[in-house]
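Below are the chains, spelled out letter by letter.
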Amino acid sequence: MRRKPLILGNLKAERPLIQGGMGVGISLSGLAGAVAKEGGIGMISTAQIGFREPEFEHSPIETNLRCIGTELEKARKIAPKGIIGCNIMVATRRYEDYVRAAVRAGADLIASGAGLPSKLPELTKGFRTKLAPIVSSVKAASVICRLWDRRYQTTPDLVIVEGPEAGGHLGFDEETLSHLETLDYDKEILEIMAHVRQYEEKYEKKIPVVAAGGIYSREDADHYLEGLGTDGIQVATRFVTTEECDAPMAYKQAYLDAEKEDIVITKSPVGMPGRAIKNRFLKEMKERRKPVSKCLQCLEKCSPKETPYCITEALINAAKGKIQDALLFCGAKAYLADRIETVHEVMADLV
């Protein structure tokens with residue numbers, strides 16, 4: 001079956017799949033470029049994107065801002081005609097500067113969650129970059145659509161609905177995450193789709209709705225694209241165990257080795273629940289605090305004096321292959337990974 005393309009105004013992705021942004025250092029130019037080359041939408045995570053650069057420790061934000069352009073350029077060389085964007089968390093310190101750096105570097109799309117991207121249209125005014133808020137509830141979708149409509153006389157170009165089976169930081173409380181089997185999240189997605197339609201009529205444009213979180217198999221893709229009628233899907237975890245993923249082999253091997261019971265909900269230093277693979281690091285962090293020696297300016301609301309550990313350090317360890325000393329974010333179905341694939345194989349299977 002040939003899927004319908006995902007159309008964002010003047011942009012057309014032949015395959016209706018967005019590769020989810022994964023920081024730190026997991027979805028950079030290699031993965032994003034490969035997905036875009038296959039007709040999907042490749043996304044570069046800007047979270048501590050410059051961590052490999054020698055000046056990062058002394059000037060983390062400035063280094064990150066410079067590396068956004070570098071990674072986009074590298075991805076463009078892989079997929080000159082592809083659609084390539086940036087995933088930028090609202091919780092990022094100096095969020096506005098990251099957004100401006102991405103649009104100036106030519107990002108086709110900015111996807112933004114971990115908070116409500118209320119100022120995104122203002123920050124991107126004058127650029128053709130498409131805007132996609134990432135939401136987890138009808139309430140969040142309603143707030144952002146209403147606010148953009150009233151304040152900027154505009155609407156999202158795309159809405160990404162991220163469910164409770166996603167990886168990394170999650171927009172749900174721990175109580176909800178502990179009872180996934182009783183949660184009817186399809187109903188939430190359908191209600192968000194219905195809510196968005198009223199803005200399509202007002203602005204006379206199509207606003208695609210994309211489902212995300214826990215999409216791993218062809219069956220999952222069919223459920224959302226054919227069953228619920230979403231315009232696309234966003235997939236992240238499945239791409240970690242591809243040859244083209246920017247993660248080190250040790251990180252990919254952790255996914256291959258993981259059993260279902262190894263995937264747990266943990267509390268992030270910034271207070272949000274997150275999903276990760278159980279390892280020595282998580283065990284130690286339950287027992288003691290690891291003082292932060294140097295703040296690397298990642299998240300706006302992090303207090304180095306109070307945080308149980310430095311999330312940047314933990315995620316950089318993951319990206320460098322120091323698996324037992326790392327925070328290994330993953331989606332709920334990471335345990336299904338049993339081999340290293342290519343991006344081509346994943347795309348062919350899903351869309």
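Residues numbered from 1 in each chain as written. Predicted model: local features only at pLDDT ≥ 70, side-chain atom pairs only at ≥ 80, totals over all residues. Heavy atoms only, no water.

> For this particular structure, what's the right way to read helix 13 (residues 343-350)?
One full turn of an α-helix is made of 3.6 residues, so residues set three or four places apart face in the same direction. Among the residues of helix 13, Val 343, Val 346, Met 347 and Leu 350 are the ones counted as buried. For helix 13, the buried positions fall inside an angular range of 95° around the axis, keeping them on one side. If you follow the buried residues of helix 13, they end up packed against strand 3 (17-19), helix 1 (29-37), helix 8 (218-228), strand 11 (232-235) and helix 9 (237-240). (Buried < 20%, exposed > 50% of the residue type's maximum accessible area, 1.4 Å probe, protein only. Helix = DSSP H or I, 4+ residues; strand = E, 2+ residues; numbered from the N terminus. Arc of directions from axis to C-beta. Contact = heavy atoms within 4.5 Å.)

> Any chance you could explain the pairing of strand 5 (residues 83-87) here in plain terms?
Burial of strand 5 is extensive: 5 of the 5 residues sit out of reach of the surface. Sheet topology note: the strand 4 (residues 41-45)/strand 5 ladder contains 5 bridges and is parallel. The residue of strand 5 that forms the bridge with Ile 44 is Cys 86. Following the chain from strand 4 across helix 2 (residues 60-78) to the adjacent parallel strand 5, one finds a crossover that is right-handed. Two elements, strand 5 and strand 6 (residues 109-112), share 2 bridges in a ladder whose sense is parallel. Paired with Asn 87 across the two strands is Ala 111, which belongs to strand 6. Between the parallel elements strand 5 and strand 6, the chain passes through helix 3 (residues 95-104) in a crossover that is right-handed. (Pairing = 2+ DSSP bridges. Right-handed = clockwise from strand over helix to strand, strands pointing away.)

> Can you walk me through the pattern of salt bridges in this structure?
Going through the model one piece at a time under the given rule, you end up with 28 salt bridges. Close ionic contact of Lys 290 with Glu 313 constitutes a salt bridge, the shortest N to O distance being 3.2 Å. Within this pair, whereas Lys 290 is found in the loop between helix 11 (280-287) and helix 12 (311-319), its partner Glu 313 is found in helix 12, the two being separated by 23 residues in sequence. Judged by relative accessible area, which is 32%, Glu 313 ranks as partly exposed. Across the pair Glu 341 and Arg 339 runs a salt bridge whose closest N-O atoms are separated by 3.5 Å. What you see here is one network of salt bridges that share partners, running through Arg 238, Arg 339, Glu 341, Glu 345 and Asp 349. (Salt bridge = Lys/Arg side-chain N within 4 Å of Asp/Glu carboxyl O.)

> Would you take a moment to explain the packing of helix 1 against helix 2 for this structure?
Each pair of packed helices can be described by the angle between their axes along with the distance between the axes. Running from amino to carboxyl end, helix 1 crosses helix 2 at an angle of 35°, the nearest separation of the two axes being 8 Å. Considering the relative orientation of helix 1 and helix 2, their crossing is right-handed. Judged by residue contacts, Ser 29, Gly 30, Gly 33, Ala 34 and Lys 37 of helix 1 engage Glu 71, Lys 74, Ala 75 and Ile 78 from helix 2. Taken together, the residues that form the contact of helix 1 with helix 2 break down as 3 nonpolar, 3 polar and 3 charged. (Axes fitted to C-alpha atoms, helices over the stretch in contact; angles between N-to-C directions. Left-handed = near helix turned anticlockwise from the far one by under 90°. Nonpolar A, V, L, I, M, F, W, Y, C, P; charged D, E, K, R; others polar.)

> Help me understand empty space enclosed by the protein in this model?
The gaps of empty space that remain are located by a probe, the size of a water molecule, rolled over the atoms. If you walk through the whole model with that rule in mind, you get 2 cavities of 30 Å³ or more. One number sums up the size of the largest cavity: a volume of about 80 Å³. Lining the largest cavity are Arg 93, Val 292, Cys 295, Leu 296, Gln 297, Cys 298, Leu 299, Cys 302, Pro 304, Thr 307, Cys 310 and Ile 311. Classifying every residue of the lining of the largest cavity by side-chain character gives 9 nonpolar, 2 polar and 1 charged. Considering only enclosed or pocket space, the second largest cavity measures out at about 40 Å³ in volume. Lining the second largest cavity, in full, are Phe 281, Lys 290, Tyr 309, Cys 310, Glu 313, Ala 314, Asn 317 and Asp 325. (1 Å grid on protein atoms, 1.4 Å probe; cavity = no way out; pocket = protein on both sides within 12 Å on 5 of 7 lines; lining within 4 Å. Points joined across faces, edges and corners; volume = space filled by probe spheres on them.)

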